[in-house]
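This is what each chain is made of:
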Amino acid sequence: MSDKAILEYKGQKYEFPVVEGSENEHAIDIKTLRAVTGGLITIDPGYKNTGSCESAITFLDGEKGILRYRGYSIEELAEKADFLEVAYLLIFGELPSKKELQKFNNDIREESYVDEEMKNILDGFPKSAHPMGVLSSLTSALIAFNPIPVDIDSEEEMYSAVVRILAKFPILVVWALSKRQGMPLNYSDGRLGYVENIHKMMFKRPHREYQKNKVVVDALDNLLILHADHEQNCSTSTVRIVGSSHAGLFASISAGVSALWGPLHGGANQAVLEMLEAIVADGGDTKKYMAKAKDKNDPFRLMGFGHRVYKNFDPRAKIIKKAADEVLHDLGVDDPILEVAKGLEKEALEDQYFIDRKLYPNVDFYSGIIYRALGIPTEMFTVMFALGRLPGWIAQWREMRQRKEPIGRPRQIYIGENLRPFVDIEKR
Ligand code: SDX
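To start, this report covers the structure provided alongside it.

Scoring rules and cut-offs
- Residues numbered from 1 in each chain as written.
- Predicted model: local features only at pLDDT ≥ 70, side-chain atom pairs only at ≥ 80, totals over all residues.
- Heavy atoms only, no water.
- Helix = DSSP H or I, 4+ residues; strand = E, 2+ residues; numbered from the N terminus.
- Rg over C-alpha atoms; globule rule 2.2 N^0.38 Å.
- Buried < 20%, exposed > 50% of the residue type's maximum accessible area, 1.4 Å probe, protein only.
- Axes fitted to C-alpha atoms, helices over the stretch in contact; angles between N-to-C directions.
- Parallel < 35°, antiparallel > 145°, perpendicular 65-115°, else oblique.
- Contact = heavy atoms within 4.5 Å.
- Nonpolar A, V, L, I, M, F, W, Y, C, P; charged D, E, K, R; others polar.
- Phe/Tyr/Trp six-rings, centres within 6.5 Å; stacked < 30°, edge-to-face > 60°.
- Lys NZ or Arg CZ within 6 Å of the ring centre and 35° of its normal.
- Pairing = 2+ DSSP bridges.
- Near = heavy atom within 4 Å.
- Polar contact = N/O pair within 3.5 Å; in protein donor to acceptor, adjacent residues only side chain to side chain.
- Areas by Shrake-Rupley, 256 points an atom, 1.4 Å probe, with all protein chains shown as cover.
- Patch = residues over 30% accessible without salt bridge, like charges linked within 9 Å, V, L, I, M, F, W, Y side chains within 5 Å.
- Salt bridge = Lys/Arg side-chain N within 4 Å of Asp/Glu carboxyl O.
- Lys, Arg positive; Asp, Glu negative; His and termini not counted.
- Charge placed at Lys NZ, Arg CZ, Asp CG, Glu CD.

Moving on: the overall build of the protein chain. Within the protein chain, the secondary structure is distributed over 18 helices and six strands. Expected size for 428 residues packed as a compact globule is a radius of gyration near 22 Å; at 23 Å, the protein chain falls within 12% of this value. Considered along the principal axes of its C-alpha atoms, the protein chain spans approximately 75 × 65 × 55 Å. Relative to its 428 residues, the protein chain shows a buried fraction of 49%.

Below you can see the structure in the form of structure tokens.
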């Protein structure tokens, strides 16, 4: 017997079914609300209380700090899987067998190139262009070279589109970096694994041999896993709503890149580093920045803190914080920024303002410290987030299309002028 919700409005009672998920979450199904009540709708800016869909991909429990991809805990996946395995799991729903993973890897290798004409588009950007803007544009431009829309009901066509975007997106990421650094545009090396190949394309220099560094490649692989999906966050919701108009996969991913760019979302990892550098430049005065973060008249926020869903530690932040210590130690990097970050975290966790609002470090708070130790420039941090989030965006887009979800088109409550007659310009 499913639960019901009763709404009483203007002396009339209305009953709505309650949907129950596989992890005991419940939602009032208001699909018929406007019809049965003669026009009543709900309003919820930022969708803090509103579910947009039912999904089988990622489960979050914000109160307990739980994150699972297709039922597997983020802690186990980060420790035991590699990024391409996790990408396969998110997109196709099951961990791949050895044979499936080998085929997936080989198929991606075969597609790891982009049309040379893409360089003409890249050349149009000034070196100073932010890599996220370059990435979003190049992703959209890929459509010109992959114009056939995916038949969502064809498993073969869907698989081929997934392979193409997973193969080509990293090249766009690397080219956005190389453009900014004035470096040659490197190509894929089919002899290497997926993440090692990305690392080589990013760091190979024309005047010296590429040196593989297992610590760096493993850290990168781990960070990409931790960013791979996060249910209906801002950029994923963007990918879903753009895809709901039946815009193509590449166009939807391009929109997701733009949404991720914002400093309240994926852009926070760059903003955290800039904030920590400002604190170090300011003599390490963390108290001043804590006061700014709590001052309602000051737009400054403690970047890397707080989360719409997590009202406990972000499980990814815990893993990344531990990894930061290990990676910096293994690389022999002594970065004062890490100690400032730890000091700031300690202060915030003991501060009543943060305690009352359940503001904890999120995925962006420590990730930039590792990226920096790996030699990745600050303005590329959000691009690395996008690289990690790509499989999640693909998985969510595919699920939305395969479930034949309707086009996303929210309603509103109008608060503007009532009807008024036009006024000729001479009389205004
Ligand atoms: C990501 O959704 C996802 O899953 C995202 C993500 C993913 O994997 O896709 O996890 C990745 O985007 C992580 C978040 C990265 N952003 C930041 O670190 C930017 C700093 N954080 C905030 O701006 C904020 O916490 C958000 C945007 C993350 C969440 O904002 P909400 O849920 O809309 O909460 P809110 O702005 O209504 O804040 C509630 C209260 C307010 O104070 P009061 O008005 O109640 O007095 O908490 C305060 C806020 O002022 N607050 C902060 C704060 N975050 C919230 N105060 C100071 N510093 C902060 N960081």
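All right, on to unusual backbone geometry then. Phi at Asn24 takes a positive value of approximately 65°, unusual for a residue other than glycine. For Asn24, the location among the structural elements is in the loop between strand 2 (12-20) and strand 3 (26-28). With relative accessibility at 57%, the residue Asn24 sits in the exposed group. Positive phi is not limited to glycine here, since Arg70 has a value of about 50°. Tracing the sequence through the fold places Arg70 in the loop between strand 5 (66-69) and strand 6 (72-73). Its relative accessible area of 22% is what places Arg70 among the partly exposed residues.

This part is about the packing of helix 17 (residues 363-373) against helix 18 (residues 381-402). How two helices pack is summed up by the angle between their axes together with the distance between the axes. Where helix 17 contacts helix 18, the two axes come as close as 10 Å, and the packing angle between them is 110°. Judged on the interaxial angle alone, helix 18 and helix 17 are roughly perpendicular. Each of Val363, Asp364, Gly368, Tyr371 and Arg372 in helix 17 lies in contact with helix 18, whose residues at this interface are Phe381, Met384 and Phe385. Across the contact of helix 17 with helix 18, the residue classes tally to five nonpolar, one polar and two charged.

Overall, the coordinates contain 14 aromatic pairs when judged by the stated rule. Taken together, a centroid distance of 6.2 Å and an interplanar angle of 90° make the contact between Trp175 and Tyr187 edge-to-face. Highlighted residues: Trp175 in helix 7 (residues 155-181) and Tyr187 in the loop between helix 7 and helix 8 (194-203), separated in sequence by twelve residues. Overall, the relative accessible area of 1% leaves Trp175 in the buried class. What makes Tyr187 partly exposed here is its relative accessible area of 44%. Seen from the ring of Tyr353, Arg357 lies directly overhead, with NZ or CZ sitting 3.8 Å from the centre.

Further remarks concern the sheet that holds strand 2. Pairing is antiparallel in the open sheet, where three strands are placed in the order 1-2-3. Of all the strands in the sheet, the pair left with one neighbour each is strand 1 (4-9) and strand 3. Ignoring which end each strand starts from, the neighbouring axes of this sheet average 30° apart.

Sheet analysis places strand 1 next to strand 2, joined by six bridges and oriented antiparallel. Among the inter-strand pairings, Tyr9 is bridged to a residue of strand 2, identified as Gln12. Counting the residues that bridge the hairpin from strand 1 to strand 2 gives two residues, and of these Lys10 lies at a positive phi of roughly 50°.

Time to look at the site of the ligand. Near the ligand lie 25 residues; those nearest to it are His230, His307, Arg308, Arg316 and Arg389. Take Arg316: an N or O atom from its side chain is 2.7 Å from an oxygen atom of the ligand. Arg389 places a side-chain nitrogen or oxygen 2.8 Å from an oxygen atom of the ligand. When isolated, the ligand has an accessible area of 1100 Å², and the protein chains bury 79% of it. Within the shell around the ligand, the residues separate by chemical class into ten nonpolar, seven polar and eight charged.

With that settled, consider the sheet that holds strand 4 (residues 58-61). One open sheet accounts for three strands, arranged 4-5-6; its pairing is antiparallel. Edge strands, defined here as strands with exactly one partner in the open sheet, are strand 4 and strand 6. Sheet topology places strand 5 next to strand 6; two bridges connect them, and they run antiparallel. Paired with Tyr69 across the strands is Tyr72, a residue of strand 6.

Next up on the list: a nonpolar patch on the surface. On the surface, Ile43, Ile413 and Ile415 cluster together to form a nonpolar patch covering roughly 370 Å² of accessible area. A relative accessible area of 62% places Ile43 in the exposed class.

A few words on a positive patch on the surface. On the surface, a cluster of positive charge is made up of Lys48, Lys296, Arg301, Arg308 and Arg357. With respect to the helices, strands and loops of the structure, Lys296 is situated in the loop between helix 13 (286-294) and helix 14 (315-330). For Lys296, a relative accessible area of 63% corresponds to the exposed category.

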